[in-house]
Amino acid sequence: MSTSHPLLLEIHKGESKTLEFKQQLPKGQQLAKTLIAFANSSGGKLIIGVSDDRQLLGIRDDIFELQDRITSMIYELCTPQLAAQIYIENIEGVELLVVEVARGSLFLYYLKSAGRDQGTYIRLGASNRVASADYIQQLELQRLNVSFDALANYQYPIEKLDLSVLETAFKAANKELGIEKLLSLKLLIEEQGTLYASHGLLILLGEYEHVLTQCARFKGTNMSVFLDRKEYTGDLFSQLEQTEMFIKNHLSLRAEIHGLKRYDYLEIPENAIREALVNAYVHRDYSNFGRTIKVAVYDDVVNIVSPGGLPNGLTEDDLLHGRSEIRNRVLARVFRELGYIEHWGSGLQRIKLMCEAEGLAEPEFAETGDSFDVKLYRPDSESQRRVAGSSLDGDVGGNVGGKKGGDKGGSVEDSGAAVVGAIEQYALTERQGQILRLLQNQPRISYRLMAEQLGINTSAIQKHLENLKAAGCLERVGGTRGYWAVKPGFKR
């Protein structure tokens, strides 16, 4: 049988978030649940006349009668009314009936008989699930075109908050952060003359308990044995930096010789790691207060899992083709303002291209239930790797990344392997090596010029300089008009 028919190509991929097979017309409520789930999620097609193992069986009953029955079921069982297309597809003589539903715009869709709270269904993978109260709230906000992080939290008037972290981040990016800016970014909401924090501001400041990152280094390729484990809390900027440091300190380096100089490079591109982390922090579902971002480093892969499936009806295919839907608009605007995000919808493609350029296996991006899963693969050959630091793939991160996390970003729970803290064992990342080389040649260079020459934002430059100073690689001589001095043992 030819596989050129577009619908047949979809069938061969199997059931999914947007595709379901039935050998014959299902019972009324079963049909309605699937169509409601499609309308509340990403849309989809119910194909009648196909078995679970993707065999084309065709329709035995009168197709026109089936169409009338389906139309009646939708009218009687679903509310608001679904706009379903019901049509016949003929694939090499086999007739199939397709019921196609687009993502709806009149949320919520639910079973009339079960009511809104118990009858709202969503699509998770290839199954239909009753939507939780949190998810129902999300759908209602989508109908109003409002994101969760733009809502006010009336328990947090502005007087209760320390905004110094945010002020520092904006100052490092050479931008002002006054009340007007906070209001325009919807970090503050004014009601009846009182200024309240939005959820977005409280998330950025790390005020909520569920705004934390759990990191682990496992032995081998499964979760049986921990080598290191940490939890990072505090503001999102610190969590991002600390988590990036955790990952890099548990990766290996490869060396390249250019002329008389040796340069060390991370086995996974640093920018790919950072891009994946920024995506996780900006796009995770913060309305679910019981879940956190989880990062795991295995011998073969770095795995980043963030709560919440794809937002607003996105599919994995949409993502890889550059379509962008933003779940947290307040967070996204702030990260864009500070230079963490360059272009909407291009992040995953850039990650793929960076890993491809290094000869690595193609990264995997997948919606797994109500989470989004990113896998960045490490090189296959052990001969390509050089252990960074100590015997635990550079566990100096416990000292440089972990202590920094405790001092700057909030509490750090360290129940993993012993920490190696000697500065002479500290292995520089590719970016830190670039900064040291730049400072050797231009010791009086400004943050802004460093950022321009290296293609990163000034906030990131400051963080790298702090890490280099903490590791004893670098010191500042003099004040504002002084210069940078690279310690002799670290000259590149």
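For the structure, see preceding data.
A few words on the sheet that holds strand β1 (residues 19-22). Consider a sheet: its strands pair through backbone hydrogen bonds, and that pairing is either parallel or antiparallel. Strand order in the open sheet formed by 4 strands is β1-β2-β5-β4, and the pairing between neighbours is mixed. A single partner strand is all that each edge strand has here, and the edge strands are β1 and β4 (84-91). Here the strands of the sheet are splayed against their neighbours by 25° on average, with no regard to which way each runs. Across 4 bridges, β1 lies against strand β2 (residues 44-48) in parallel orientation. Pairing of E20 across the sheet is with L46, part of β2.

Take helix α10 (residues 270-283) next. With 14 residues, α10 extends 20 Å between its outermost C-alpha atoms, agreeing within 8% with the 20 Å of an ideal straight helix rising 1.5 Å per residue. Those residues of α10 that fall on the buried side of the exposure criterion are E270, A272, I273, R274, E275, A276, L277, V278, A280, Y281 and V282.

Here we take up the pattern of salt bridges. Should their charged atoms come close, side chains of opposite charge can pair. Evaluation of the coordinates by the stated rule reveals 19 salt bridges. Where K375 meets D373, a salt bridge forms, and the shortest distance between an N and an O atom there is 3.5 Å.

Turning our attention to the packing of aromatic side chains. A complete count under the given rule lists 9 aromatic pairs for this structure. Ring geometry for F237 versus F335: centroids 5.7 Å apart, planes at 35°, classification tilted. Taken together, the residues F237 in helix α9 (residues 236-249) and F335 in helix α12 (residues 329-337) connect sequence positions 98 residues apart. Accessibility assignment for this pair places F237 and F335 in one class, buried. Geometrically, the ring pair formed by F335 and Y340 is tilted, given 5.0 Å between the ring centres and 55° between the ring planes. You can call Y340 buried: its relative accessible area is 8%. Each residue in the set F148, Y208 and F289 is aromatic and connected to the rest through ring pairs, giving one cluster. Positioned above the aromatic ring of Y75 is the side chain of K112, whose terminal nitrogen or guanidinium carbon lies 5.5 Å from the ring centre.

What counts, and where the lines are drawn
Residues numbered from 1 in each chain as written. Predicted model: local features only at pLDDT ≥ 70, side-chain atom pairs only at ≥ 80, totals over all residues. Heavy atoms only, no water. Pairing = 2+ DSSP bridges. Helix = DSSP H or I, 4+ residues; strand = E, 2+ residues; numbered from the N terminus. Axes fitted to C-alpha atoms, helices over the stretch in contact; angles between N-to-C directions. Expected span 1.5 Å × (residues − 1). Buried < 20%, exposed > 50% of the residue type's maximum accessible area, 1.4 Å probe, protein only. Salt bridge = Lys/Arg side-chain N within 4 Å of Asp/Glu carboxyl O. Phe/Tyr/Trp six-rings, centres within 6.5 Å; stacked < 30°, edge-to-face > 60°. Lys NZ or Arg CZ within 6 Å of the ring centre and 35° of its normal.

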